[in-house]
Amino acid sequence: MNDDRLPPVAPEVTATLVENLSPRLRKRLDAAVTKLGARPTHRDGDTVTIQVDDETELRLHAPGGVVATADAITCGCLLAPACVHRAAAACAAPTADPPPDLADRPTGAAPEPASATDPASATDPASSPSSQEVASPAQRAAADALWSAGAAVLEAGIEGAGAVTQSALLRAAHTARIRHLPRAAGAALSVVTLLRAARAGDPSYRTADFVTALAELLGTAHRVGTASGAELDAARGRARRPYSPDGSLRLYGLFTEPVVTDSGHGGVRTWVAGTDGRLFTVGDVAPGGVGRAVGVADRAVRLGDTALTHRELGRAGLAVSGATVSPDGRLGAGKGVKAVTARGAAWTELPLAALWETPPSEQAARALRSTSRYADPDGGGSDLLFLDVELIGAVRESAGTCLLALSESGIAVRLTVADDDPALAHRDNLMLLGAAPGTRLRVIGRLVPAPHPRLTLLACAHPTGGGTIDLGLDRLRRADLPDPAAPVHPAPPQPGGPGAHSPLYLLERRVEQTVSAGRAALGMLGDVTAETRRIRRAGLPTAAGLLTALCTSAAQRERDLFGRLLPADTDSFATHWLTAALYTAAVADSLCAAAWEPVRKGPAAEPSVPDRGPGRAVAQTAQH
C-alpha cells in the first residue's frame, strides 16, 4: 500500500481511534500499521478500500478528499469497530491540514461546531484570539498538553515515538487549534509528519528539520504560558495570512524563479520591487512538478488586466491600483485589483539600482530575520541578497561543486545552485559561469545560513551586457561569456570569519542525537569533558555549559527508598534540550551574520543570543 494513495485523515479522527483502543491493542498498533502498509488498495470515487486479508476489507470514506469523522473508517473484521485496523489505517494515512481558524473565517461564514470533548472552546470567551494581555486558562491548558506531547517525543526518540505517541500529538494539536493557537498546532502536525517520514525511511527526511519542528513546538507552547501582549499574539500565530489593502503601486520587474516542491507542486515566482525598494512576488504554483514550472513561465500573470507573462514581467513593469499584499509580500489577485503594463527599469537604474547599494552585512542581517529557523511567520521580509561580484572559479565541496566569487567589499562568497533538477537551467548555467574567471557580474541570490558567506544563485546580469538572466529558466551559451580573463586571485580564498571552524557542531550533534535515539541514549554518553574543553577554547563557554547540563539531565534518574528507579523528569530534560536547540540556532545565525562583516583583527567574542524567536525567555537563561 502506498501512503500517498490514502486520503488525508483529520488529526482528531486519528487521535480518537487510537484513544479508543484497549491497552493490549495499542501495543500492537505499530506492527499493524506496518502490516497494513503491505496490503493492496483500491479507490472508487471518494472511497479507498484496503484488502486486510482474503476475507476482510477496510474502507476510508473521504467526501471532499478528507476523512473527517471516525465513522468514515469502517472495517469488516469480527472485532470491528473496536479493532486495531481502523486506527492503523488512520495512522498510515497523511494528516489532513486543519480548516481555517474561527477567527480567520470570512465575515458571515458559518462557525465550526465545537468539539464535544472540548466544551471550553465554545464557552470560554477568553479563548478567542483577541487582544487580551495573557493567555486564557483554556489556552494555557492546551499549551501544556502540547509541551507534554513534545517532551514525550524527546524521551522516546524517533524509534520509540510510534503511533500512540503521534496520536497524543494529534490530539494536542486539535485542541490547540480550536482554542486559537494555530502556530503551535501547526508545529505539532509538522512533528508528526516528520516522525512518520523518519520512521518510514523517507530519503527527503533531515534530522535538522525535525529538530527545528520540535523546538518550534516546545518553544511556542512555552511562550503561550509566559508571554503577553504582542509576544502572545506572535505565539498564537494565524491560521491564514490575510491580504491587506496597499493602495496604488508602481512596480519594476527583477527576475522570475522556478518553484518545485517536495509535494509535487510546480510553478514560478516573479519578484518585483516598488519605488521605495520594497519587494513583492507574483506566483503561480499548482500540482504539476518541474514540468509545470518550466511551462508556466510563459503564461500570463494572474494580476489585473496585464497580458505580460511571468518571464516578461521579470523585465518589465506594472502599475497596480487597489493592490492587496500578504505579510510575506505576495500580491493578491482579487477582483478589485487593477494592473496594467508599464515601463520597467534596468538593474543599473533607480529604483532598482538602490538594492545593490546596501552593504552586504546589512542585507545578510535583514535576510536572516526571515530565514532564521524560528523567525516569526508573520514577520515578513525577504531572504534575497543583491551583490556585485567578480567570479573566481568553480570549487569542489562534499555536497558538490559551487562557484566562488569575490564581492566588492572583499568577501569570498560561495554561489550554489537553487535546484539540481536537469530540467532546470541552474546547474548548467553555474558550471558555464565557473569557466569565466575574472568576469564581473551583478547578481541576485538567496541567503543560505552558514558560518561562511553562501548564496543560491537565482539571477544575474548578462555577462556581456544586454539584459538579465533568470538562471533557473534561461540557458546561457558559451557565446554569452566574455573573452577569458586571468583571475585576479591565483588561488581561491578559503571561507573565513568567526564561524568557519566553529566547534558548535559538538553541541548540535547531541541535540540531533536526542531526537533520533531518545533521552536514554544521550544519558549513556558518559564524560563529555573533552568536548566541552574544545568548545570553551573556541570562545563558546555558554555552549560548553549547555552541553554539560544537557548530558547531565539526560543521565539523571532518582530512586525511591527501595532503590527502584523513579520516572525520569521529562519536563526538566525538555527544557534543557530546548535551550540547547534554540541557542545553537541563535549562535549559528550570529556566526552567519558575522561572516558577512568586513574582516576584523583580534579575538572574536562569543556571539550573543538574539532577543527573538520562540522560547526567547528559555533561550535567555542560557546566558546566565
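The structure reproduced in this document is the subject of the present report. (Residues numbered from 1 in each chain as written. Predicted model: local features only at pLDDT ≥ 70, side-chain atom pairs only at ≥ 80, totals over all residues. Heavy atoms only, no water.)

Some thoughts on the overall build of the protein
1) Next: Scanning the protein for helices and strands turns up 20 helices and 15 strands.
2) Next: Relative to its 624 residues, the protein shows a buried fraction of 49%.
3) Next: Residue pairs in contact within the protein that sit at least 24 positions apart in sequence constitute 65% of those at least 6 positions apart.
4) Next: Put simply, the protein shows about 28,200 Å² of open surface, and 53% of that area lies on carbon and sulfur atoms. (Helix = DSSP H or I, 4+ residues; strand = E, 2+ residues; numbered from the N terminus. Buried < 20%, exposed > 50% of the residue type's maximum accessible area, 1.4 Å probe, protein only. Contact = heavy atoms within 4.5 Å. Areas by Shrake-Rupley, 256 points an atom, 1.4 Å probe, with all protein chains shown as cover.)

Remarks on the side chain of His-310
1) Next: Positionally, His-310 belongs in helix H12 (residues 310–313).
2) Next: Within the structure, the side chain of His-310 is placed 2.9 Å from the side chain of Thr-270, a separation counted as a polar contact.
3) Next: Ignoring any residue separated from it by four or fewer positions in sequence, one finds His-310 in contact with Thr-256, Val-268, Thr-270, Val-282, Gly-283, Asp-284, Val-296, Ala-297, Arg-299, Ala-300 and Val-301. (Polar contact = N/O pair within 3.5 Å; in protein donor to acceptor, adjacent residues only side chain to side chain.)

Remarks on the pairing of strand S14 (residues 454–461)
1) Next: Along S14, eight of the eight residues are buried, which leaves the element largely enclosed by surrounding structure.
2) Next: Relative to S14, strand S12 (residues 412–416) runs parallel, the two sharing three bridges. Its bridge partner lying in S14, Thr-416 is registered against Thr-456.
3) Next: Hairpin remark: strand S13 (residues 440–447) followed by S14, antiparallel, with six residues in the connecting loop.
4) Next: In terms of strand pairing, S14 meets strand S15 (residues 468–470) through three bridges, oriented antiparallel. Its bridge partner lying in S15, Ala-459 is registered against Asp-470.
5) Next: Turn length for the S14-S15 hairpin, with the two strands adjacent in sequence and antiparallel, is six residues, and the turn residue Gly-465 shows positive phi of about 90°. (Pairing = 2+ DSSP bridges.)

Here we look at the side chain of Thr-256
1) Next: By secondary structure assignment, the location of Thr-256 is in strand S5 (residues 244–260).
2) Next: At 3.0 Å, the side chain of Thr-256 and the side chain of Thr-270 are in polar contact.

Topic: the sheet that holds strand S1 (residues 41–44)
1) Next: In spatial order, the strands read S1-S2-S3-S4; together these four strands make up an open sheet with antiparallel pairing. This sheet does not close on itself; its edge strands, each paired only once, are S1 and strand S4 (73–75). Adjacent strand axes in the sheet meet at a mean angle of 20°, parallel and antiparallel pairs treated alike.
2) Next: Bridging between S1 and strand S2 (residues 47–51) involves four bridges; their strand directions are antiparallel. From the neighbouring strand, Asp-44 faces S2, where its bridge partner is Thr-47.
3) Next: Where helix H4 (residues 84–92) meets the sheet, its contacts fall on S2, strand S3 (57–61) and S4, and the angle it forms with S4 comes to roughly 140°. (Axes fitted to C-alpha atoms, helices over the stretch in contact; angles between N-to-C directions.)

Some details on the packing of aromatic side chains
1) Next: By the definition in use, this model includes three aromatic pairs.
2) Next: Ring pairing ties together the aromatic residues Trp-347, Trp-356 and Phe-386, which thus form one cluster. (Phe/Tyr/Trp six-rings, centres within 6.5 Å; stacked < 30°, edge-to-face > 60°.)

Considerations on the sheet that holds strand S8 (residues 317–325)
1) Next: Ordered in space as S7-S6-S5-S8-S9, the five strands form an open sheet in which the pairing is antiparallel. Each having just a single partner strand, strand S7 (279–287) and strand S9 (338–342) make up the two edges of the open sheet. Averaged over all pairs of adjacent strands, the angle between their axes in this sheet comes to 35°, without regard to strand direction.
2) Next: Note: S8 against S9, five bridges, orientation antiparallel. Opposite Val-320, over in S9, you have Ala-339 as the bridge partner.
3) Next: In the packing of helix H11 (residues 289–296) onto the sheet, the strands contacted are S5, strand S6 (265–274) and S7, and the crossing angle to S6 comes to about 40°.

Overview of a negative patch on the surface
1) Next: A cluster of acidic residues, Asp-144, Glu-558, Asp-569 and Asp-571, forms a negative patch on the protein surface.
2) Next: Inspection of the secondary structure puts Asp-569 in the loop between helix H18 (541–555) and helix H19 (570–595). (Patch = residues over 30% accessible without salt bridge, like charges linked within 9 Å, V, L, I, M, F, W, Y side chains within 5 Å. Salt bridge = Lys/Arg side-chain N within 4 Å of Asp/Glu carboxyl O. Lys, Arg positive; Asp, Glu negative; His and termini not counted. Charge placed at Lys NZ, Arg CZ, Asp CG, Glu CD.)

Observations concerning the nonpolar core
1) Next: Core analysis: the biggest nonpolar cluster contains 70 residues, and Leu-169, Phe-210, Leu-214 and Trp-577 have the highest contact counts within it.
2) Next: Those elements that provide at least two residues to this core are helix H6 (137–160), helix H7 (163–178), helix H8 (182–199), helix H9 (207–226), helix H10 (229–236), helix H15 (505–517), H18 and H19.
3) Next: Contact partners of Leu-169, with chain neighbours within four places excluded, come to Ala-149, Gly-150, Val-153, Ala-188, Val-191, Val-192, Leu-195 and Leu-217. (Core = buried A, V, L, I, M, F, W, Y, C linked by side-chain atoms within 4.5 Å.)

Thoughts on empty space enclosed by the protein
1) Next: With the rule as written, the count across this model stands at three cavities of 30 Å³ or more.
2) Next: As a volume, the second largest cavity reaches approximately 40 Å³.
3) Next: Broken down by element, the residue count for the lining of the second largest cavity peaks at three residues, all from helix H14 (residues 426–434).
4) Next: Of the residues contributing to the lining of the second largest cavity, the split by class is five nonpolar, three polar and no charged. (1 Å grid on protein atoms, 1.4 Å probe; cavity = no way out; pocket = protein on both sides within 12 Å on 5 of 7 lines; lining within 4 Å. Points joined across faces, edges and corners; volume = space filled by probe spheres on them. Nonpolar A, V, L, I, M, F, W, Y, C, P; charged D, E, K, R; others polar.)

A short note on the environment of Ala-568
1) Next: With respect to the secondary-structure elements, Ala-568 resides in the loop between H18 and H19.
2) Next: As a C-alpha pair, Ala-568 and Glu-558 span ten residues in sequence and 7.6 Å in three-dimensional space.
3) Next: In contact with Ala-568, not counting residues within four places along its chain, are Glu-155, Arg-519 and Arg-557.

Focus on the packing of H6 against H15
1) Next: Relative to each other, H6 and H15 sit at 70°, their axes nearing to 4 Å. In terms of their interaxial angle, H6 and H15 are classed as roughly perpendicular. Of H15, the residues touching H6 (which contributes Leu-154, Ala-156, Gly-157, Ile-158 and Glu-159) are Thr-514, Val-515, Ser-516 and Ala-517.
2) Next: Looking at the contact of H6 with H15 residue by residue, the class counts come to five nonpolar, three polar and one charged. (Parallel < 35°, antiparallel > 145°, perpendicular 65-115°, else oblique.)

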